[in-house]
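# Inside the fold
One letter stands for each residue in the lines below.
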Amino acid sequence: MARKAATPDARDPASIGPDELNETEAAAELARLAALLARLGRAYHGGDAPEVDDAEYDALVRRNEAIERRFPDLVRADTPSARVGAAPEGGFAKHAHLVPMLSLDNVFDRAEFEAFAARARRFLGLKDEADTRLRFVAEPKIDGLSISLTYQDGRFIGGATRGDGTTGEDVTENLRTLRGLPERLSGDAPGLIEIRGEVFLRKADFLALNQHQAEAGQRLFANPRNAAAGALRQLDASVTAARPLSLFAYAQGRSSEPVADTHSDYLDRLRGWGFSVNPLSQVLESAEAAERFQADLALQRSSLEYDIDGVVYKIDDLGLQERLGFVGRAPRWAVAWKFPAEQAITRLEEIRIQVGRTGALTPVAVLEPVNVGGVLVTRATLHNADEIARKDVRPGDRVQLQRAGDVIPQILGRVPEEGVERGEPYVFPDHCPACGSKAVRAEGEVVVRCTGGLVCPAQTVERLIHLVSRPAFDIDGLGDKSIQEFHEAGLIRTPADIFRLRPEDLEGREGWKETSINRLMRAIEAARTIPLARFIFGLGIRRIGETNARLLARHYGSYAAWREQMQAATTVGSDERLALGSISRVGTAIADELATFFAEAHNRAALDELAGLLTIEDEVAPESAALAGKTIVFTGTLTTMTRPEAKAMAERLGAKVTDSVSQKTDLVVLGTDAGSKAKKAAALGIATLDEAGWRELAGVAE
Ligand code: IVH
């Protein structure tokens, strides 16, 4: 069973700005973003229910790009920057696009638009604006799904979704149900042509569909885009036919012969062949004109029959488009200028604190209900304590909020009111509202966290799941779901409760039979004896991942010693605290986390209760047998540890460290620029290791 193994070893890269990440954190963050964006992409392109709104998705994409710009060497093979959409999921046949279907880069203001135009100009070697004017075609950016239609000798032979940009799903039969799709192109058409466009549902059709769904007692769609996606991906084309999808054609893929010199002429050809092309498209000559177009369309937006989320600007000259080509997932000749999110003003009634599963205290604004772009909003996020202080919003204030897509709205700031007495400035709580433990904010962090890790009901389930996970207590048969279930039933509230579980507690529970109960009981019994390192890791203390837990276990040796020293280390400036912080690679930040955990009486009580039910094995370095009685020589420069540190490490593992290589030497560890000693080792046939090999042998390889 796959269980989450939290490794709270380091600061959380996800909460650090792209400019402040170090290289290790950046690598971890790029990995996280790749996985997250892949998942969100699948939900967006394949499923019907988006997890985040467009603005949040865009923000993640930009964050990924910013990190990649700073650390070009860390760009991953599976970088989201090079991926479009999601691979087909099965169910439909695959369709390979003859020319890839790409995505568009976004801009959000005039300066960014001008930067886009300047980049294109520079790429083409065009001097200044007066010299060669770039003409753009502006088209409303339809919030639907892009599709590719293939016509052979003027006849529609197949159509597919974008998929991952290279391969999509063959949805030909569903596309045939579209009213705006010509089966045959009228007039002259090339032998083979791929035509691209957007499939969407008109707002009125969406409302009618949802009404129908409601009457039939079926699930409602979140927005027209999701409804269109669901309709297009129906395996039964008659279901698609019942949902009136529309189409606007707007681009070309492969064509066996050129059909136009400019994009605007191409749009006319599309019209001539019988496609519907957005009537609001216009040819523009400057950034000022684009800005005006943007503003005009924003005003018309709510009265349009379909959802749009911005304007696409394409360089009109197809010859220039060809020269500009693509970079990564997007063309250099087009850009999407997105609309800002919709805003409204209302009253902030109350600031409530939510405690997340990791103990983070998050302020939530409770609002006087207000309609923002057709959605009734009653809650908004305030992010964190700094954000509240910076905006100086107080309960009772009038506030401006913003909503984009289906996301949680955000509070932008306060709207001053004359002659109105304001409430007191908001004071962020220093205790957890869920369990009463102290809430603290570590230096350099924005998040205030509850310290009641083991006892806080808001965190318990996640902590328990961590506790039973494979690298910790490894209790097979106690999965995420059972933990959740037993927690709800009141059977497991604290870690100790796991070891007090009796067979009769489970008898009669759904899904639990004698064999599974016995198996679980045996697994719990087996976990009752546990090595110190796993025990420490299992507690789920922030920053104490497997590596740090092992370091602590090795250093303190026994549970009793560790427990006693940690309690003493809660006193700032005590010898024990200093000793803890100076353990190699532990450091003060980790020492602070441990001290915070031990300073909380609730945690100590839960810990003692748990320890009382267990046999916690002293830490004996598992590698000691290999090094006991061995003689080691270190030579050259070590880059990840000092020489004294390496020596201490070897000695802890039972070895003797000497300076010169002789017949008696068992192992020579070679740092960089190892000289005569390396040669001597080779001559005598003595085993050697490089630094990485040594770290691995010593059990400190990360
Ligand atoms: S052109 C290589 N034109 O926006 C350029 N796309 O963010 C390909 N979209 O995948 C796209 N309206 O689904 C283009 N008038 C328009 C569009 C449009 C909506 C969508 C399309 C595309 C996405 C890119």
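Thresholds applied
- Residues numbered from 1 in each chain as written.
- Predicted model: local features only at pLDDT ≥ 70, side-chain atom pairs only at ≥ 80, totals over all residues.
- Heavy atoms only, no water.
- Phe/Tyr/Trp six-rings, centres within 6.5 Å; stacked < 30°, edge-to-face > 60°.
- Salt bridge = Lys/Arg side-chain N within 4 Å of Asp/Glu carboxyl O.
- Helix = DSSP H or I, 4+ residues; strand = E, 2+ residues; numbered from the N terminus.
- Buried < 20%, exposed > 50% of the residue type's maximum accessible area, 1.4 Å probe, protein only.
- Contact = heavy atoms within 4.5 Å.
- Core = buried A, V, L, I, M, F, W, Y, C linked by side-chain atoms within 4.5 Å.
- Arc of directions from axis to C-beta.
- Near = heavy atom within 4 Å.
- Polar contact = N/O pair within 3.5 Å; in protein donor to acceptor, adjacent residues only side chain to side chain.
- Areas by Shrake-Rupley, 256 points an atom, 1.4 Å probe, with all protein chains shown as cover.
- Pairing = 2+ DSSP bridges.
- pLDDT = per-residue confidence, 0-100.

This brings us to the packing of aromatic side chains. Considering all chains together, one arrives at 22 aromatic pairs under this definition. Pairing Phe326 with Trp333 gives two aromatic rings, centres 6.3 Å apart and planes at 70°, and the pair type is edge-to-face. One aromatic cluster in this structure is built from Phe473, Phe499, Phe535, Tyr559, Trp562, Phe597 and Phe598.

One pass over the structure, following the stated rule, counts 38 salt bridges. The partner of Arg329 in a salt bridge is Asp105, and the shortest N-O contact between them spans 3.7 Å. On the criterion of sequence distance, the pair formed by Arg329 in the loop between strand S11 (326-327) and strand S12 (330-331) and Asp105 in the loop between strand S1 (94-96) and strand S2 (106-107) is long-range, its members being 224 residues apart. Judged by relative accessible area, which is 29%, Asp105 ranks as partly exposed.

As a further point, take the environment of Phe156. Looking at where Phe156 falls in the secondary structure, it is placed in strand S5 (residues 155-161). Owing to a relative accessible area of 3%, Phe156 belongs among the buried residues under this scheme. Each C-alpha atom, one on Phe156 and one on Asp78, is 34 Å from the other, the two residues being 78 residues apart in sequence. Once residues lying within four places of it in the same chain are set aside, the contact partners of Phe156 are Leu149, Thr150, Tyr151, Thr172, Leu175, Arg176, Leu181, Pro182 and Glu183.

By size, the foremost hydrophobic cluster in this structure holds 56 residues, and its most contacted members are Phe473, Ile475, Ile498, Phe535, Trp562 and Leu580. Each residue touching Ile498, except ones within four places of it in the same chain, is listed here: Leu464, Leu467, Val468, Ile475, Leu478, Ile492 and Ile524.

What follows concerns helix H13 (residues 480-488). Residues of H13 that are buried: Ser482, Ile483, Phe486 and His487. What you see down the axis of H13 is that its buried residues fit within an arc of 130°, all on one side. Across from the buried face of H13, at angles greater than 90 degrees, the exposed residues are Lys481 and Glu488. Tucked inside the fold, the buried residues of H13 contact helix H12 (457-468), helix H15 (503-506) and helix H16 (514-527). Looking at the residues trailing H13, positive phi occurs at Gly490, about 80°.

Time to look at the site of the ligand. Residues in contact with the ligand amount to 14 residues; listed here are only the nearest, Glu139, Ile142, Arg162, Glu198 and Lys314. At a separation of 2.7 Å, a nitrogen atom of the ligand approaches a polar side-chain atom of Glu139. With respect to the ligand, the side chain of Arg162 contributes an N or O atom lying 2.8 Å from an oxygen atom. In isolation the ligand offers 520 Å² of accessible surface; the protein chains occlude 90% of this area. Where the shell around the ligand is concerned, the elements lending two or more residues are strand S3 (136-142) and strand S10 (308-315).

Attention shifts here to the environment of Asp109. As for its placement among the helices and strands, Asp109 is situated in the loop between S2 and helix H3 (110-124). Classification of Asp109 as partly exposed rests on a relative accessible area of 35%. Within the structure, the side chain of Asp109 is placed 2.9 Å from the backbone nitrogen of Glu112, a separation counted as a polar contact.

Turning our eyes to something else, we now look at the pairing of strand S13 (residues 334-338). Residues in a regular strand project their side chains so that they alternate between the two faces of the sheet. Of all 5 residues making up S13, 5 are buried, and the element is well covered by its neighbours. Alternating positions in S13 separate into two faces, Ala334, Ala336 and Lys338 on one and Val335 and Trp337 on the other, with burial throughout. As paired strands, S2 and S13 are joined by 2 bridges and run parallel to one another. Looking at S13, one finds that Asn106 is bridged to Ala336. Pairing analysis gives 5 bridges linking S10 to S13, with the strands arranged antiparallel. What sits directly across from Tyr313, in S13, is Val335.

With that settled, consider the confidence of the model for the chain. Put simply, the chain has an average pLDDT of 85, and 91% of its residues get 70 or more. In this model residues 1-9 is a low-confidence stretch, pLDDT under 50, and it forms 32 contacts with partners more than four residues away in sequence or in other chains. pLDDT under 50 marks residues 84-89. Its contacts with residues more than four places away, or in other chains, come to 26 contacts.

Attention shifts here to the environment of Pro279. Counting through the fold element by element, Pro279 comes out in the loop between helix H8 (263-273) and strand S9 (282-284). Given a relative accessible area of 63%, Pro279 falls into the exposed group. Between the C-alpha atoms of Pro279 and Phe248, which are 31 residues apart in sequence, the distance is 9.7 Å.

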